[in-house]
Amino acid sequence: QWSRVRARLQDEIGEVEYRNWLRQAALHGLDGDEITVMLPTRFLRDWVNKEYGGLLTSLWQSENPAVRRVDIRTRPAGGITAVPNLAEPSAVLAKSTQPARRDAEDRSETAAPLDPRFTFDTFVVGKPNEFAYACARRVADGHASPGFNPLFLYGGVGLGKTHLMHAIAWELSQRADEVTVAYMSAEKFMHRFVSALRRQSTIEFKNELRSVDVLMVDDLQFLIGKDGTQEEFFHTFNALVDSGKQIIVSADKSPSDLSGIEDRLRTRLGCGMVADVHATTYELRLAILEAKAARAGVPVPGRVMEFLAQKITANVRELEGALNRLIAHAHLFDRPVTLEAANEVLHDLLRAYDRKITIEEIQKQVAEHYNIRISEMSSVRRARNIARPRQVAMYLAKQLTSRSLPEIGRKFGNRDHTTVMHAVAKVTELMAADTDFAQDVDLLKRILTV
Ligand code: ADP
Ligand code: MG
């Protein structure tokens, strides 16, 4: 399996990047639903985690659906230590008085649940996010009125929602009085709930959640269509709010637009403070680049930053990724960051922007081509004459845009990233087996890229 994952990884990111970053990755352990991958240095570990962690997990999951987590660690000097107990780390993540734990070191190294980079200090405030930032500050100060409960942050991917939530958690955990903060993704909430059901320990699960002072649930849109988990969350929510505990939730849409989330839950989510994180502006992007470059301690010429701020507009994550790639490249080859280097290193990304193909465009073109309604791209129908074009559209979205698998899935009626991965594999397979089909797909690709 590992060799297949490696091969696909190499396909996915290209040989050069693979050689630079992942050649030394070694499979260390496979324990039920968790995979451990080792890298020789902290720098490599952090880099791989950040840049390729998600991809690695997806690839593993497509090889082995039982895998839930890929843990990336540094190889301990002087031999290999046993893989520690891989039980689900506790959801309670930050406590002002940290209890001494035997595995605390290990925990903070690998499963550090709060990203140390995501603080208020490192968050750059501009017009698009100033309201959300102000709300987050208020809640973090602990002086927020009940009008701030729940705090609901929403906006597109990569615009800083998770960053703000972590910043609140850091701030609260540094306060003198003991505040228990639990941060988790909605996905994690569901996995924990489901595994509590399986182990018949839902009472413990409920008690644990209800004992926190602040509960943060990130990316609530994950619960769309997951009715049982929504119901459990609804009860947790009520229990906490009723006892005056703070709830913070993020999602990609406002409560009223979250179709697929039960009405009563949406209503309650909209009852507190709802803050929109807007798409970035040129000025904010430039300010973010300046802050990050300064933090990295690498001189990046103003022209390069202006160029990036102008070109890379989708979201902050992508912008940051581009700057990181430039900086890593400069380190690796011991060369200064220049406009030429930017054009060269970011060639793929920039090309995607120049073409600016959107998933919507792909869906429209493919639907037209196969003579189906565009709404079928998001429908649940599985008839071959509908499902196949939908798979083709997913395949083209992966090929022609820089969107990630989960993002693509979301645009196709909130499907899972594994569905997208399956579609890509299926279309690839069919194209190899059936030349007519391959020509068809190539034609679509050409129409879309002219
Ligand atoms: P979201 O949760 O909205 O998808 P994240 O919070 O994960 O987005 O942000 C994506 C990346 O962009 C993170 O690395 C985050 O630190 C960075 N980022 C987003 N907004 C800002 C900002 N205003 N200032 C600094 N970094 C930001
Ligand atoms: Mg997020």
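Predicted model only: the values in this text are computed from it and were never measured. (Residues numbered from 1 in each chain as written. Chains lettered and ligands numbered in written order. Predicted model: local features only at pLDDT ≥ 70, side-chain atom pairs only at ≥ 80, totals over all residues.)

### Notes on the overall build of the chain
Argument step 1. Across its full length, the chain holds 20 helices and nine strands.
Argument step 2. By the burial criterion, 33% of the 450 residues in the chain qualify as buried.
Argument step 3. In the chain, once contacts between residues fewer than 6 apart in sequence are set aside, the share between residues at least 24 apart is 72%. (Helix = DSSP H or I, 4+ residues; strand = E, 2+ residues; numbered from the N terminus. Buried ≥ 20, exposed ≤ 12 C-beta atoms within 10 Å, placed from the backbone. Contact = placed C-beta atoms within 7 Å.)

### Observations regarding the site of ligand 1
Argument step 1. Residues in close proximity to ligand 1 total 16 residues, the closest being Gly160, Lys161, Thr162, His163 and Val316.
Argument step 2. Of all the elements in the fold, those that place two or more residues in the shell around ligand 1 are α6 (161–173) and α13 (316–333).
Argument step 3. Looking at the shell around ligand 1 residue by residue, the class counts come to seven nonpolar, six polar and three charged.
Argument step 4. In terms of domain composition, the shell around ligand 1 takes at least three residues from each of domain 2 (113–276) and domain 3 (282–355). (Near = placed C-beta within 6 Å. Nonpolar A, V, L, I, M, F, W, Y, C, P; charged D, E, K, R; others polar. Domains from an automatic or database assignment.)

### A closer look at the environment of Val277
Argument step 1. With respect to the element layout, Val277 can be found in the loop between β9 (273–276) and α11 (282–296).
Argument step 2. Look at Val277 and you get buried, because 23 C-beta atoms sit within 10 Å.
Argument step 3. C-alpha separation for the pair Val277 and Tyr154, spaced 123 residues apart in sequence, amounts to 5.9 Å.
Argument step 4. Once you skip the residues sitting within four places of it in the chain, Val277 turns out to touch Pro128, Asn129, Ala132, Leu153, Tyr154, Gly155, Leu159, Gly160 and Lys161.

### Comments concerning the packing of helix α7 (residues 186–198) against helix α8 (residues 202–210)
If you want to describe how two helices pack, look at the angle between their axes and the distance between the axes.
Argument step 1. Following both chains from N to C, one finds α7 and α8 inclined at 145°, their axes separated by 8 Å at the closest point. Taking contact as the criterion, the partners of Arg192, Phe193, Ala196 and Leu197 in α7 are, on α8, Thr202, Glu204 and Phe205.
Argument step 2. The residue makeup of the contact of α7 with α8, split by class, is four nonpolar, one polar and two charged. (Axes fitted to C-alpha atoms, helices over the stretch in contact; angles between N-to-C directions.)

### Some points on the UniProt feature "binding site: ATP" (unreviewed entry) in the chain
Argument step 1. The UniProt record marks Gly158, Gly160, Lys161 and Thr162 with the feature "binding site: ATP" (unreviewed entry), using the residue numbering of this structure.
Argument step 2. You can see Lys161 is positioned in helix α6.
Argument step 3. Sequence-distant contacts of Lys161, defined by excluding residues within four places in its chain, comprise Leu153, Gly155, Ser250 and Val277.
Argument step 4. Counting through the fold element by element, Thr162 comes out in helix α6. (UniProt positions renumbered as here; feature names shortened; annotations may be inferred.)

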